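Each chain, letter by letter, is given below.
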Amino acid sequence: FQKDADRQSGKGYVAFKLDSKGVPDLPPPLPMFEIFIYAPWVEGVHLRGGRVSRGGIRWSDRREDFRTEILGLMKAQMVKNAVIVPVGAKGGFVCKQLPPTDDRDAVQREIIRCYQTFMRGLLDLTDNRVDGTIEPPPDVVSYDGDDPYLVVAADKGTAAFSDIANEIAAEYGFWLGDAFASGGLHGYDHKKMGITARGAWEGVNRHFRELDLDIRTTPFTAVGIGDMSGDVFGNGMLQRANIRLIAAFDHRHIFLDPNPETKRAFAERKRLFELPRSSWNDYDREAISAGGGVYPRTAKSILLSPKARAALSVEAERLAPNQLIQVILRAPVDLLWNGGIGTYVKATTERHSDVGDRGNDNVRINANELRCRVTGEGGNLGLTQLARVEFAHGGGKINTDAIDNSAGVDCSDHEVNIKILLNRELTQNRLTLARRNELLTAMTDEVAELVLRDNYLQTQAISIAASQAADLLSGHARMIGKLEREGLLKRALEALPNDEELAKREVAKTGLTRPELAVLLAYGKIWLNTQLVDSAIADDAYLARTLRDYFPATLRARFGPELEDHPLRREIIATYVTNDMVNRMGSTFCMQVQERTGDRTSDIARAYWAAREIFEARALWSAIEGLDNKVAAASQLAMMAAVNRLVDRGAIWLLRNRRTSLDIATNIEYFAAGVKTVRGRVPHLLRGPARDAVTTRIRQLRSKAVPNELARHVAYLEVLFAALNIVMVARNMDMEIEPVADTYFELGISLAFDWLHERVAALPGLDHWHRGARAMLRDELNAELRVLTTELLKYTRDIKTSKERVRVWLADKKAAVRHYLNVIDDLKSSGKTDLAMLTVAVREVRSLARGVGEFV
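Residues numbered from 1 in each chain as written. Predicted model: local features only at pLDDT ≥ 70, side-chain atom pairs only at ≥ 80, totals over all residues. Heavy atoms only, no water.

Draft legend 1. Spatial organisation of the overall build of the chain. When helices and strands are tallied, the chain shows 36 helices and 19 strands. Compactness check: the chain gives a C-alpha radius of gyration of 31 Å against a globular reference of 29 Å for 856 residues, within 12% of the reference. Judged by the C-alpha coordinates and their principal axes, the chain covers about 100 × 70 × 50 Å. Intrachain contacts of the chain at a sequence separation of at least 6 include 70% that bridge at least 24 residues. For the chain, the accessible area works out to roughly 35,600 Å², and carbon and sulfur atoms hold 50% of it. With 116 positive and 114 negative side-chain charges, the chain shows a separation of 4 Å between the mean positions of the two kinds. (Helix = DSSP H or I, 4+ residues; strand = E, 2+ residues; numbered from the N terminus. Rg over C-alpha atoms; globule rule 2.2 N^0.38 Å. Contact = heavy atoms within 4.5 Å. Areas by Shrake-Rupley, 256 points an atom, 1.4 Å probe, with all protein chains shown as cover. Lys, Arg positive; Asp, Glu negative; His and termini not counted. Charge placed at Lys NZ, Arg CZ, Asp CG, Glu CD.)

Now the structure itself:
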C-alpha cells in the first residue's frame, strides 16, 4: 500500500501486509500476518500470531536485525498470552534520523514522529467496524478475509505512548477507540496499580510458602535488578515492608545496603518510587546502613567495606563495577528480584553469543553460580530458559518470565474487552464518556483481583505438577511429542528436553523442572484453546455462563444482557474454559483423556465441568487454598492432587457412561445430591483395612493442622468415586441412595473387591502403557461391581437389609461365587501380584457378572 503523504510531515511512506505464505525468509514460528512499514525516517514491522492477537510496540535500537528481534518477541508473547484471549503479537520500529543524543527533547519528538507514522501505517491496512458491519480501508486491495481486530500496547520505549496511539485511532474513526492502546489516560495505569509486580509476587509468595518461610512476617534478604523509578522493580520492592534489600543495580548505579534498617529502608524506597525520574543516586545516604553506599557504574573501581563484603560473601576489597554486579548476582540471599532490562544469567552450556544481549556480556554469570533461594521475574529475559532449568535442577525456586509477569497483559486484556463492550454503549448513546470513565475507575480493584487470581492459579498448577513430576513424566513426554507432530512446538527453541534426556530422567525419576512445566502449561493452553474456540463450546448454555465470570461484578450487574453480544464472546468463553481446565487439572489432562476415550475436547470440557460440580471440587479447592501459610504447602498440594484425581476419574466415567447425555446441568442434577448422600455414609460403608486406611488418612491430615471436616472430606475422596455407579444403579432401579450404597459396598467387601482395588492401585506405573492398563483394570472393576449390584438388587427385591440381600444372593449363586473366590484365594496366597495376575482376576470378575444367572 502506497501512502501518498504522511499527514504530519508531508513525507510519504509505504506499508505492506503479508500473510504467512508471503514471509518465507522468517524462521519459525511464522506469524499469520506481517505488516511492514517503510519511510526515510522510520521502518517498522508488526507480527501477529492470529487474527485476534495482542502485544506491545517497542522502539528498537537494533536497526540491522529488528525484524528478527520482533519475531522472537512475538513467539514469547504467544506463550505469555496463553492466559488471555488473544494469541501473541509484537511490533517494533527503528528511527533512522535521530538527532544527537544529548538533546533529549529532540530525540523524544523524533521517536514520537516515527511512532505516529507506524500507527498510521497499521491502521491504513486494517479493516474497521462501522455500525456493526466490516468496512475495508480505502484504496486497499485485500486478498484475505475480514480482519478488524488490531490492538497495540506499551513496551520498551513506548510506555507513555498509549494516548498518542489512541488519538490516531480517533482520527481514523477506528472502532476500538481508546481500546486500541490500553493503559492511556482513561485506562488502567499498570504502574499505579502495580499489577505486573503484584502478579509476579504471587509466584514469589508461593515459592517461599513451599520453602516454609512466611514472608508476611519474617524479614528476608534480597538483591535486585532495576531501580525504584521503574514500574516492575519499584512496585516489586514495595510488596513487602520487611524486604532487606542489600544490593541492587541498574544501568547507571550500584546500590549497597549491607544491613538495612527494614522500616526506614522501606520508607526510602517508597519515597524514591514516588519521586519522578528518580535514580539510586537520590537515595538518602543517612538511610543506608554502615558500609553501604551508591556508586556510579562509570567508576574505575569500588571499595567494599567489611560489612558489604560479609553481606555479599566476597573476599575482594575492591572491585570494578562490572565485577561487583556479578558478585551481587551471586549473593547468598533469599530472593533475586529482576525488574530491569537485560539478560544476566545463562546456562553453563551456553556461550554469551547464544544469549543475544551483547551489552551485558561483561556482567553475565552462569546459573550454577546463583546462590539465591528464589528468583522472581517481573522483568523479561533476565535469565535464559536453559539458565532457569539449570537453576531449578540445583534446587532453586523459579518459574519463567512469561508466567511471573503475565499480569500486565492480563490486565490489558480485561481493559480492552471491557472497553469494547462499553464503547458500543457509547456509540449508541446509552452511556456517556464521563460515566464510562467513572465505571472503569470504579472497577480497578475488581480487575486487579481477577488478574491476580490467574497468577495464583497458574503458579499453583505448576506446583501441583512439580510435586508429581516424576510420575507425570511419561505423560509430559507424550504431550511434547504430540505438540511437535502437530507443528505447535519446537522443543529445542523452548529448551525442552529431547527424547534421550527424557529417558534419562525417567530412569532417574526426576521429571520436568518448574520452568519446563511452565512452558508446557502455556502450550497446553494454546493447544486446548485452538480446539475449543472452533467448537460449539460457546453455545453450551452452562459454559456460556463463564462469559460473565470473566468480567467484574460491577459490569455484570449493569450490562449483563449486553455481554451476550460481545464481539469476542466465543473467544472469551473458550479462553476462560481453557484456563480453568488447565490451571486445575494440569497441562496434559485433556490430551490424556482424549487418548483414553477418543472424545472431542469440547465433550471433555463438558465432562470435566460436570464432574467438578458433582464432586463439589470448587469448594474443596477453595478450602485447601484457604490454608495458605496455615499448613505446609506440601500437604496442600497433596490434597489438591487427590481432588484432581477424583475429578479426572469422574470426567472419564461420564464420557463412557453418559456419552449420549453430556448436558452439564442435567448431569449435575442427576448425580450431585446422590453423591453427597454417599459421602455422608462413608463411615458406615467401610470395614476392615479400608476403614483403617481412611481413619489413618484423617489422623495424618489432622496432625498437619487441616481442619477436621476438610480432612474427612479429602480422606473420603478415594472411596467417593463409587458414588457415580451407586447413583446410576439407584436411578435405574428407582430406589433410594442409602440401601443401594449399603448393598454396593457390602457386596464388594464379600467379593474381595476392596483387596482387588488395593492390589491394582499398587501396580507400578512403569510407563504410559502400564498406567493405562492399571486404569483400565480399575475401571472394569467398578463397572462390573455396578452390574453385579444391579443383578443382586433385582434378584432380592423383596429383602429389606443389605446384609441379608448379599447373604441370600451369595448362597443362591454359590457355584459361580465359589469358583471366583477360589481364584482370589489363589492370588492372595501367591504373595505378590502383578499385572498379568490381576488381569486374570478381572476376567474372573467379568465372568462372574455375566454368568451368575446360569448357575443354581
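Draft legend 2. Highlighting helix α28 (residues 708–715). Residues Leu710, Ala711, His713, Val714 and Ala715 constitute the buried set of α28. Contact partners of the buried residues in α28: α24 (617–625), α25 (633–657), α26 (664–685), α27 (688–703) and α29 (717–720). (Buried < 20%, exposed > 50% of the residue type's maximum accessible area, 1.4 Å probe, protein only.)

Draft legend 3. Region of the structure containing the packing of aromatic side chains. In total, this model carries 19 aromatic pairs according to the counting rule given. Between phenylalanine 174 and phenylalanine 180, the aromatic rings sit 5.7 Å apart at their centres with planes inclined by 80°, giving edge-to-face as the arrangement. Considered together, phenylalanine 174 and phenylalanine 180 belong to a single accessibility category, that of buried residues. The interplanar angle of 65° and the centroid separation of 6.0 Å between the aromatic rings of phenylalanine 589 and tyrosine 608 together place this pair among those described as edge-to-face. With phenylalanine 589 in helix α22 (residues 589–597) and tyrosine 608 in helix α23 (residues 601–614), this pair connects stretches of sequence that are 19 residues apart. Taken together, Phe93, Tyr115, Phe118 and Phe161 form an aromatic cluster joined through their ring pairs. If you follow arginine 206 out to its NZ or CZ, it ends over the ring of tyrosine 456, 4.6 Å from the centre. Here the basic side chain of arginine 545 rests over the ring of tyrosine 542, its NZ or CZ set 4.0 Å away from the ring centre. (Phe/Tyr/Trp six-rings, centres within 6.5 Å; stacked < 30°, edge-to-face > 60°. Lys NZ or Arg CZ within 6 Å of the ring centre and 35° of its normal.)

Draft legend 4. Structural view of unusual backbone geometry. Its identity is not glycine, yet lysine 509 carries a phi of approximately 55°, on the positive side. Lysine 509 sits in the exposed class, given a relative accessible area of 65%. In this structure, alanine 752 takes a positive phi of about 65° despite not being glycine. Positionally, alanine 752 belongs in the loop between α31 (737–750) and α32 (753–761).

Draft legend 5. Main features of the side chain of threonine 513. Note on placement: threonine 513 falls in the loop between α17 (499–508) and α18 (514–533). Leave out the neighbours within four places in its chain, and threonine 513 touches Val389, Ala392, His393 and Arg505.

Draft legend 6. Structural detail: the side chain of aspartate 628. Secondary-structure assignment places aspartate 628 in the loop between α24 and α25. A polar side-chain atom of aspartate 628 sits 2.8 Å from a polar atom in the side chain of tyrosine 456. Beyond its immediate sequence surroundings of up to four residues, aspartate 628 is in contact with Arg209, Tyr456 and Gln636. (Polar contact = N/O pair within 3.5 Å; in protein donor to acceptor, adjacent residues only side chain to side chain.)

Draft legend 7. Geometry of the sheet that holds strand β16 (residues 335–338). On the basis of which strands lie adjacent, the open sheet formed by 6 strands has the order β13-β12-β11-β10-β16-β19 and mixed pairing. Each end of this open sheet is capped by a strand with a single partner; those strands are β13 (293–296) and β19 (374–377). For this sheet, the mean angle separating the axes of adjacent strands, direction not counted, is 20°. As judged from the 4 bridges shared by strand β10 (residues 220–225) and β16, these two strands associate in the parallel manner. Directly across from valine 223, in β16, lies its bridge partner leucine 336. (Pairing = 2+ DSSP bridges. Axes fitted to C-alpha atoms, helices over the stretch in contact; angles between N-to-C directions.)

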